[in-house]
Amino acid sequence: MHMETLIRIGLAAWLLASHVAHAQTQSGPAPDVGAGKKRAAVCFACHNADGISRIPGTPHLAGQERHYLENALRAYRDGQRQDPTMNAMAKPLSDRDIVNIAAYYSLQNRMNNVQTAAQAVDAK
Ligand code: HEC
């Protein structure tokens with residue numbers, strides 16, 4: 001094998017390892033899903049308790065990857081992601097709130113919830 005290829009493989013492995021290590025240091029103590037549900041009550045008006053929004057333009061959160069949700073909420077809170085509504089909603093959240101809320105929504109079954117939402121709309 002060429003030296004350059006070996007260096008590339010080594011670099012790729014190092015990047016992957018440091019990325020995984022970073023993700024692990026981010027994870028911290030285990031999330032409290034019940035606390036997340038309580039804290040998320042202020043979110044239900046738009047994202048709903050089942051994580052499926054009934055409002056056009058508002059994203060579904062059910063079943064979304066946990067760390068993605070954490071990153072999104074921190075970005076809104078800390079101003080790296082701009083949306084007037086979400087900046088205001090995320091502002092009072094602590095790091096712990098964010099971990100708990102992200103766990104709550106990530107554990108929901110998106111497909112079941114979408115069906116429930118569709119049935120609720122059909123029943124009207
Ligand atoms: C008044 C309606 C409203 C409320 C209340 C609200 N949101 Fe949102 N949320 C939105 C809208 C609209 C967006 C899309 C914003 C954008 O385009 O960036 C969004 C985006 C998000 C996203 C990003 C989703 C993605 O796929 O990137 C997350 C996560 C989120 N909200 C979580 C929450 C949480 C947690 C709360 C409660 C603390 C909350 N929201 C309260 C309307 C709302």
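Definitions and cut-offs
- Residues numbered from 1 in each chain as written.
- Predicted model: local features only at pLDDT ≥ 70, side-chain atom pairs only at ≥ 80, totals over all residues.
- Heavy atoms only, no water.
- Donors = N, O, S within 2.8 Å, 3.2 Å for Na, K, Ca; no water.
- Tetrahedral: all angles 85-135°; square planar, octahedral: opposite > 155°, others 65-115°.
- Helix = DSSP H or I, 4+ residues; strand = E, 2+ residues; numbered from the N terminus.
- Buried < 20%, exposed > 50% of the residue type's maximum accessible area, 1.4 Å probe, protein only.
- Expected span 1.5 Å × (residues − 1).
- Contact = heavy atoms within 4.5 Å.

Peer 1: Where do I start with the coordination of the iron atom of the ligand in this structure?
Peer 2: Think of it this way: four donors in a tetrahedron around the metal ideally sit 109.5 degrees apart, and six in an octahedron ideally sit 90 or 180 degrees apart. Taken together, His47 (NE2) and Met86 (SD) make up the protein donors of the iron atom of the ligand, found 2.0 to 2.2 Å from the metal. Taken together, the six donor atoms coordinating the iron atom of the ligand span angles of 87 to 177° at the metal, a pattern that classifies the geometry as octahedral. On the criterion of sequence distance, the pair formed by His47 in helix α3 (residues 44-47) and Met86 in helix α5 (residues 84-90) is long-range, its members being 39 residues apart. Residues His47 and Met86 agree in their burial class; the two are buried.

Peer 1: What should I look at first to understand helix α6 (residues 95-106) in this one?
Peer 2: Compared with the 16 Å implied by 1.5 Å per residue over 12 residues, the 16 Å span of α6 between its first and last C-alpha is a close match. With respect to burial, α6 is a largely interior element, 10 of its 12 residues being buried. Among the residues of α6, Asp97, Ile98, Val99, Asn100, Ile101, Ala102, Ala103, Tyr104, Tyr105 and Ser106 are the ones counted as buried. Turning to α6, the residues buried within the fold contact α2 (33-39), α3 and α4 (66-78).

Without other data, these values stay purely geometric and don't point to any function.
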